[in-house]
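# Architecture at a glance
Single-letter residue listing:
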Amino acid sequence: MSHSEFPFLEHALPSIKALQPYVPGKPIEELERELGIRDSIKLASNENPLGVSPKVIQVLEDGARGVARYPDGSGFRLRHHLAEMHGTGADAVTLGNGSNDVLDMLARVFLRPGDESLFSEYAFAVYPLSSQAVGASLVSAPARDYGHDLEALQARITPQTRVIWIANPNNPTGTWLLREPLHDFLTRVPTDVIVVIDEAYFEYVEEADYPDATQWLTEFPNLVVTRTFSKAYGLAGLRVGYALSHPVVADLLNRVRQPFNVNLLAQSAALAALDDPQFLERCVAVNRAGMQQLGDGLKALEVEFIPSVGNFLTLNLQRNAIEVDRALLKRGVITRPIAGYGLPNHLRVSIGLETENARFLTALREVLGR
């Protein structure tokens, strides 16, 4: 676009003009419209293949009659339920339009031009996007075995560092940090630096030494832990997540939080999802079985993959993953190439239902000629 034709562009923030927008996974409807195919499956966005709890369906049907009214702007019932669940006060909870919303609030509150935002190579794309949007300087620490290298992160902390972002497990690689190393890292971070631990895939993790960072909130006032209902609870389309932090941090976040950012149906659905632990257990069991199914199938195809504790696997195809993705799309299978993360030969695939996993493996075998 020409600045002479649109002179107001001269006044747009340089940090915004330099942004590359986040690209979500391709919707099924878009693929079928483009290629004229039917019966596609989507294994691109780490969504819950079982959908949502029947209790969620019921409250959505019942709640539809109330959508003419604004939701509770404070999210009173949901915040208090989450506080009780985590053993905190409700004043430690910040609700978001998905956890991405809370991540964006954190950047707006704690970062400004000249400040440094620190994250790991291959970390979730929203960390640099939200940081760059407010004009902060981006600092990336090299990964270790595709995951967070805590020593490398610590070595890059400077007097200008204001926020450190850690995804545990990490998206898109599925790697995870253990309890003792992560706790030790927190003790070594300066107390004027905010540390965000993003636990979007927390519910899927069954490793014995995987930490629940919310248990450290009283020990580290500069710690913020984020969670989401988009993954294991299946509410991706409703957009509801939250942060747990010291109340003084939550107070600041709630000052920039948009009014009514979590809609009426999302609040009711989140409460219903929390009220059905049996459905959550089933989702975790299906994920466990699907992870084994995909892992065994990929080994049979001699395809390398990164060990994961999330609800996805990242494959090293040792060739251009975008080309493989295009061939899979023609077979009605949507996956996620991650060249944007600096991994041009890698493809992320979500754990689906047994039939979906089998279809992906068959399609991949055809594409790879194995």
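Nothing here was measured: the structure is a model prediction, and the numbers come from that model.

### As for the nonpolar core
By size, the foremost hydrophobic cluster in this structure holds 52 residues, and its most contacted members are L78, I166, F229 and L235. Take this core: its biggest share by element is seven residues, from helix α10 (residues 264–274). For I166, the residues in contact, after removing those within four places along its chain, are Y127, H148, L150, L153, L177, L182, F185, V195, V196, I197 and D198. The next biggest cluster of nonpolar side chains, apart from the first, holds 27 residues, and it includes L103, L106, V126 and L253.

### Let's talk about helix α13 (residues 354–368)
Taking 1.5 Å per residue, 15 residues should reach 21 Å; α13 reaches 21 Å between its end C-alpha atoms and fits that length. Within the span of α13, buried status applies to E356, N357, F360, L361, A363, L364, V367 and L368. Taken end-on, α13 shows its buried residues confined to a sector of 165°, consistent with a single buried face. Facing away from the buried side of α13, by more than 90 degrees, are the exposed residues E354 and T355. As for α13, its buried residues are in contact with β1 (41–42), α11 (277–300), β10 (312–316), α12 (321–330), β11 (333–334) and β13 (343–350). Positive phi appears at G369, one or two residues downstream of α13, with a value of about 70°.

### Some points on helix α6 (residues 126–133)
The complete set of buried residues in α6 reads V126, Y127, P128, S130 and S131. Where α6 is buried, its residues touch α5 (99–110), β3 (116–120), β4 (137–141), β5 (161–167) and β6 (194–198). Following α6 by one or two positions, G135 adopts a phi angle in the positive range, close to 85°.

### Thoughts on the pattern of salt bridges
Across all of its chains, the model carries 14 salt bridges by this definition. A salt bridge links D184 to R188; its shortest N-O distance comes to 3.0 Å. You can see D184 and its partner R188 sitting in helix α8 (residues 179–188), four residues apart, about one turn around the helix. For R255, the salt bridge identified is with D251, shortest N-O distance 2.7 Å. Of this pair, R255 and D251 both sit in helix α9 (residues 247–256), four residues apart, which is roughly one turn of the helix. What you see here is one network of salt bridges that share partners, running through R112, D115 and R162.

Rules behind the numbers
- Residues numbered from 1 in each chain as written.
- Predicted model: local features only at pLDDT ≥ 70, side-chain atom pairs only at ≥ 80, totals over all residues.
- Heavy atoms only, no water.
- Core = buried A, V, L, I, M, F, W, Y, C linked by side-chain atoms within 4.5 Å.
- Buried < 20%, exposed > 50% of the residue type's maximum accessible area, 1.4 Å probe, protein only.
- Helix = DSSP H or I, 4+ residues; strand = E, 2+ residues; numbered from the N terminus.
- Contact = heavy atoms within 4.5 Å.
- Expected span 1.5 Å × (residues − 1).
- Arc of directions from axis to C-beta.
- Salt bridge = Lys/Arg side-chain N within 4 Å of Asp/Glu carboxyl O.

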